[in-house]
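Descriptive structure summary
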Amino acid sequence: ADNDNSNYATSTKGHIIDNTNLDLALNNYTYSVSGANNTAQKAAKEGNEVTFLINRSETDASKTDVATTVYISTAQASAYEDDYVPLNLQALEFKKTETQKTITIKTKKDTLTDDGEYFWLGVFKTKAKVIEYLQTGDSAFVDAYSTGYIKDPAAASGTYSYSVTIFIKMLSRNFKYF
């Protein structure tokens, strides 16, 4: 009543939130990542996309299926961020019944010959895990990851022969000496 009459200099109201869904989201799902371009032999050509499949699995099917959000980020390895379009803390939402998501990372063309470049795609259950990973580099904070390989565009192949003909015309000149 005093709150409604403004008899206090400060006041607050609170609400209790049921964290059952949060607990289920964090503890009832595991994640894995596979990539269509996860080896040097399966590398995507520069200028194309590297494709990843993120899988969500329930650890206890008897529990309620809930929507979840994970965070994905790329990390450079031998491929640097000028070789692909990086992701940083991008939220990825799974609806209640979803078990897979496809992620594509655009690669960039360059003039360097550097076949076999790769980068990492990491999946994190919380933003806090991403921050801990970025600060420490400790892979224990990564819930799932895979590599994405990039290769140079195929060079023209075949056997070539060249013939070069040089014509030299000799001129005779009279030179005067001083």
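Quick note: structure is the one above.
What follows covers the nonpolar core. Tyr31, Phe52, Ile54, Ile72, Ile103, Phe119 and Val123 are the most contacted members of the largest nonpolar core, which has 24 residues in total. Sorting the residues of this core by element identifies helix H1 (20–27), strand S1 (29–35), strand S3 (49–58), strand S4 (68–76), strand S5 (90–94), strand S6 (100–106), strand S7 (117–124) and strand S8 (144–151) as the ones contributing at least two each. Non-local contacts of Ile103, meaning those with residues more than four positions away in its chain, are made with Val50, Thr51, Phe52, Ile54, Ile72, Leu87 and Leu92.

Turning next to the pattern of salt bridges. Summed over all chains, the structure comprises three salt bridges. Measuring nitrogen to oxygen at the nearest pair gives 3.3 Å for the salt bridge that ties Arg56 to Asp65. We note a salt bridge from Asp143 to Lys129, for which the minimum N-O separation is 2.7 Å. Here the residue Asp143 occupies a position in the loop between helix H2 (127–136) and S8, and Lys129 occupies one in helix H2, the gap between them amounting to 14 residues. Owing to a relative accessible area of 25%, Asp143 belongs among the partly exposed residues under this scheme. Given a relative accessible area of 25%, Lys129 falls into the partly exposed group.

Moving on, we come to the sheet that holds S8. By way of backbone hydrogen bonds, the strands of a sheet pair with one another, either parallel or antiparallel. One open sheet holds the five strands; their spatial order is S2-S8-S7-S4-S5, and the pairing between them is mixed. Edge positions in the open sheet fall to strand S2 (44–45) and S5, since each of these has one partner strand only. Relative to S7, S4 runs antiparallel, the two sharing six bridges. Bridging across to S7, Ser73 finds its partner in Gly122.

Right, let's talk about the sheet that holds S6 for a bit. In spatial order, the strands read S1-S3-S6; together these three strands make up an open sheet with antiparallel pairing. Where the open sheet ends on each side, the last strands, each with one partner, are S1 and S6. Averaged over all pairs of adjacent strands, the angle between their axes in this sheet comes to 25°, without regard to strand direction. Here seven bridges tie S1 to S3, and the two strands are oriented antiparallel to one another. For Thr30, the partnering residue across the bridge sits in S3 and is Ser57.

What counts, and at which threshold
- Residues numbered from 1 in each chain as written.
- Predicted model: local features only at pLDDT ≥ 70, side-chain atom pairs only at ≥ 80, totals over all residues.
- Heavy atoms only, no water.
- Core = buried A, V, L, I, M, F, W, Y, C linked by side-chain atoms within 4.5 Å.
- Buried < 20%, exposed > 50% of the residue type's maximum accessible area, 1.4 Å probe, protein only.
- Helix = DSSP H or I, 4+ residues; strand = E, 2+ residues; numbered from the N terminus.
- Contact = heavy atoms within 4.5 Å.
- Salt bridge = Lys/Arg side-chain N within 4 Å of Asp/Glu carboxyl O.
- Pairing = 2+ DSSP bridges.
- Axes fitted to C-alpha atoms, helices over the stretch in contact; angles between N-to-C directions.

Note that all results are geometric; they support no functional claim without further evidence.
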